[in-house]
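Results of the structural survey
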Amino acid sequence: MERLTFQPGAAAAIDDYLEYKRIVGEDDGGKLFTPDEYEQYKKRVLPIRLQNRLYVSWRSPTGIDCKLVGPETPCFCSHRYKQHKTDFEVIPKERPISVPCRVSRCTCKSYNFVPLNGTQPIRCRCKHFADQHSPATGFLCNVCSKCSGFHSCFTCGCGQPAYSHETVVETKEERLAQGKPVGHDVPYAAMGGLTGFSSLAEGYMRLDDSGIGAPSAQFLEAPVTNMDNPFLKAFQGPSSSMQAYSQLTDGSTSTTMKVSSLRRSEEDDMAYSERQYQARLKQEKITNADADPGTLQLSKI
Ligand SMILES: [Zn+2]
Ligand SMILES: [Zn+2]
Ligand SMILES: [Zn+2]
Ligand SMILES: [Zn+2]
Ligand SMILES: [Zn+2]
């Protein structure tokens, strides 16, 4: 079966590739989908993501979200948030909601954020680092026998000790009920708690006013068009540059862009999403000015 291919060095193909990775995340098992599989994937997963997005944050006892977890944010188990189960066909009824790790043989039952002290890992009161502890429930130390479970006295920027914080997994409704920002709807995988451009700043820097907050009534009542909703945009087929190139190649791996060649950092996550959103707003303005009938038709999809 022919897999999706992206022309190395071509700007449009790189954009398509990044968009593909943001949408598919880890779900292709490291092997690019075929164009058909990609379309099927989007049809199946995006509506679930839109309906059932879970927001993940690390919350201080004072109620500040000191950390908003994004796709690249590491867990206690050392794997990233995107490597955990983040799409739910049905949101579990029980609370707290468990977000288990999907890496084989990892014993992590649910995503658990551990802060860093600057760039340094923090220590447990047993003196050993988080990754020297078991990610299974109990978080016991693998190195010593005096540890009763990972417990760090590191003081967060909010002034509270790390151990008094908790990783919170919640629904959009649960966040809105507390007046917390929920951001735009985006089709990307494992967005966790990222809701706005300042999401990656620490909580006390944002004073919890980050993100765009609840959408305005005007936004909610505006007719949905293909351009202003990144979800609908994601339902469009692969762009022409992608399709053209997949016809030109024989699918050999030498022409397929290596996944590892485009490393993402945590800081990239929100910037990318924000850029895509701004580009769409801009495009929408242009489209409205031209009143292009072709675009208007597409928006009915
Ligand atoms: Zn894990
Ligand atoms: Zn984990
Ligand atoms: Zn310990
Ligand atoms: Zn220990
Ligand atoms: Zn804090």
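Per an unreviewed UniProt entry, the protein carries the name Protein FAM221A and comes from Thamnophis sirtalis. UniProt, in its Sequence similarities (unreviewed entry) section for the protein, records the words "Belongs to the FAM221 family."

A count of helices and strands for the protein gives 9 helices and 5 strands. The linear arrangement of helices and strands in the protein, starting from the amino end, is α-α-β-β-β-β-β-α-α-α-α-α-α-α. Within the span of the protein, comprising 301 residues, buried residues form 32% of the whole. Residue pairs at least 24 apart in sequence account for 67% of intrachain contacts in the protein once pairs closer than 6 positions are excluded.

Next up on the list: the sheet that holds strand S1 (residues 54-59). One open sheet accounts for 3 strands, arranged S2-S1-S5; its pairing is antiparallel. Both outer strands of the open sheet, strand S2 (65-68) and strand S5 (166-171), are each paired with one neighbouring strand and no more. Averaged over all pairs of adjacent strands, the angle between strand axes in this sheet comes to 35°, irrespective of strand direction. For S1 and S5, the ladder comprises 6 bridges, and the chain directions are antiparallel. What sits directly across from Val56, in S5, is Val169.

This part takes up the nonpolar core. Among the nonpolar cores identified, the biggest contains 40 residues, and Val56, Val69, Cys75, Phe76 and Tyr81 are the most heavily contacted of them. Secondary structure elements with two or more residues in this core: helix H1 (11-24), S1, S2 and S5. Tallying contributions element by element places S1 first for this core, with 4 residues. Viewed by domain, this core spans two of them, domain 1 (12-106 + 159-205) and domain 2 (116-153), each represented by three or more residues. Residues in contact with Phe76, not counting those within four places in the same chain, are Cys108, Asn112, Val114, Ala130 and Pro135.

Looking at the protein, pLDDT values average 80 and 72% of them are 70 or higher. Model confidence for the protein, summarised as mean pLDDT per element, is weakest for helix H9 (residues 293-298) at 43 and strongest for S5 at 97. Across residues 244-261, where pLDDT falls below 50, the model places 20 contacts with residues more than four positions away in sequence or in other chains. The low-confidence segment residues 292-301, where pLDDT is below 50, has 9 contacts with residues more than four positions distant or belonging to other chains.

On to helix H2 (residues 35-52), then. An α-helical turn contains 3.6 residues, so any two residues separated by three or four positions project in the same direction. The end-to-end C-alpha separation of H2 is 25 Å, in line with the 26 Å expected for 18 residues at 1.5 Å each. Regarding H2, the residues found buried are Tyr38, Lys42, Leu46 and Arg49.

Now for H1. Counted at 1.5 Å a residue, the expected span for H1 with its 14 residues is 20 Å, and the 20 Å between its end C-alpha atoms agrees. For H1, the full list of buried residues reads Asp16, Tyr17, Glu19, Lys21, Arg22, Ile23 and Val24. Once H1 ends, the next one or two residues include Gly25, with phi positive near 60°.

All right, on to unusual backbone geometry then. Glycine aside, residues mostly have negative phi angles, and peptide bonds mostly take the trans form. Residues Arg95 and Pro96 are joined by a peptide bond in cis, for which omega reads -5°. On the secondary structure map, Pro96 appears in the loop between S2 and strand S3 (116-117). Within the chain, Arg105 stands out as a residue other than glycine whose phi angle is a positive 70°. Looking at the element boundaries, Arg105 is found in the loop between S2 and S3. The exposure class assigned to Arg105 is exposed, which follows from the 5 C-beta atoms found within 10 Å.

A few words on the environment of Ala271. Structurally, the position occupied by Ala271 is in helix H8 (residues 266-290). The class of Ala271 is exposed, set by 12 C-beta atoms lying within 10 Å. Here the alpha-carbon distance between Ala271 and Gly196, two residues 75 residues apart in the chain, equals 9.0 Å.

What follows covers the pairing of S2. As paired elements, S1 and S2 share 3 bridges and run antiparallel to each other. Looking at S2, one finds that Ser57 is bridged to Leu68. Joining the antiparallel neighbours S1 and S2 is a turn of 5 residues, in which Gly63 adopts a positive phi near 95°.

Let us look at the environment of Pro100. For Pro100, the position within the fold is in the loop between S2 and S3. Between the C-alpha atom of Pro100 and that of Tyr111, which follows or precedes it by 11 residues, the distance is 6.2 Å. Filtering out sequence-adjacent residues up to four positions away, Pro100 remains in contact with His84, Lys85, Cys108, Lys109 and Ser110.

Thresholds applied
Residues numbered from 1 in each chain as written. Chains lettered and ligands numbered in written order. Predicted model: local features only at pLDDT ≥ 70, side-chain atom pairs only at ≥ 80, totals over all residues. UniProt positions renumbered as here; feature names shortened; annotations may be inferred. Helix = DSSP H or I, 4+ residues; strand = E, 2+ residues; numbered from the N terminus. Buried ≥ 20, exposed ≤ 12 C-beta atoms within 10 Å, placed from the backbone. Contact = placed C-beta atoms within 7 Å. Pairing = 2+ DSSP bridges. Axes fitted to C-alpha atoms, helices over the stretch in contact; angles between N-to-C directions. Core = buried A, V, L, I, M, F, W, Y, C linked by C-beta atoms within 7 Å. Domains from an automatic or database assignment. pLDDT = per-residue confidence, 0-100. Expected span 1.5 Å × (residues − 1).

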